[in-house]
Amino acid sequence: MVDTVIRCGVLIDGLNATPTRDQSIAIRAGRIVSVLSTEGATSSTGAATILDLSDFTCLPGLINTHVHFDGNPEDSVDYGVYARRTVDETLRVILDNAETTLLSGFTT
């Protein structure tokens, strides 16, 4: 039994070479269980809660928490910065990146 169906206008899932249109993501117990055509999801998911994001692009599971993606252009050319950061500084960068990604749009 699926709990939630998320209707996407465009889906970028990392599996296809190109983004796909009119796809829905089926979620059970907080985990993605399948990606279906929106038409197929409508007919096969029963009483699941529907979240209509058909005007948006969905990026399920794609959260970039790389420590080198930290918003400081200087860091992209100074790889030594990663050796100079403490574990606490690196964790802060990771958590800041994850929060920014989550607040900027839909992901799981």
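This structure is a prediction, so every number in the text was calculated from the model and none was measured. (Residues numbered from 1 in each chain as written. Predicted model: local features only at pLDDT ≥ 70, side-chain atom pairs only at ≥ 80, totals over all residues. Heavy atoms only, no water.)

Enquirer: Before we move on, could you go through the state of the cysteines and cite the residues and values that matter?
Expert: Per the counting criterion, the structure on display carries one disulfide. A sulfur-sulfur separation of 2.3 Å characterises the disulfide bridge that pairs Cys 8 with Cys 58. Torsion about the S-S bond of the Cys 8 and Cys 58 cystine: about -105°, corresponding to left-handed handedness. Placement of the pair is Cys 8 in strand S1 (residues 4–11) and Cys 58 in strand S4 (residues 49–58), with a sequence separation of 50 residues. Note on accessibility: Cys 8 and Cys 58 belong to one class, buried. (Disulfide = S-S within 2.5 Å. Helix = DSSP H or I, 4+ residues; strand = E, 2+ residues; numbered from the N terminus. Buried < 20%, exposed > 50% of the residue type's maximum accessible area, 1.4 Å probe, protein only.)

Enquirer: Residue-level account of the sheet that holds strand S3 (residues 31–37), with values.
Expert: Backbone hydrogen bonds are what pair the strands of a sheet, in a parallel or an antiparallel way. Pairing in this open sheet of four strands is mixed, and the strands run S3-S2-S1-S4 from one edge to the other. Both outer strands of the open sheet, S3 and S4, are each paired with one neighbouring strand and no more. Between one strand axis and the next, the sheet turns by 25° as a mean value, whatever way the strands run. (Pairing = 2+ DSSP bridges. Axes fitted to C-alpha atoms, helices over the stretch in contact; angles between N-to-C directions.)

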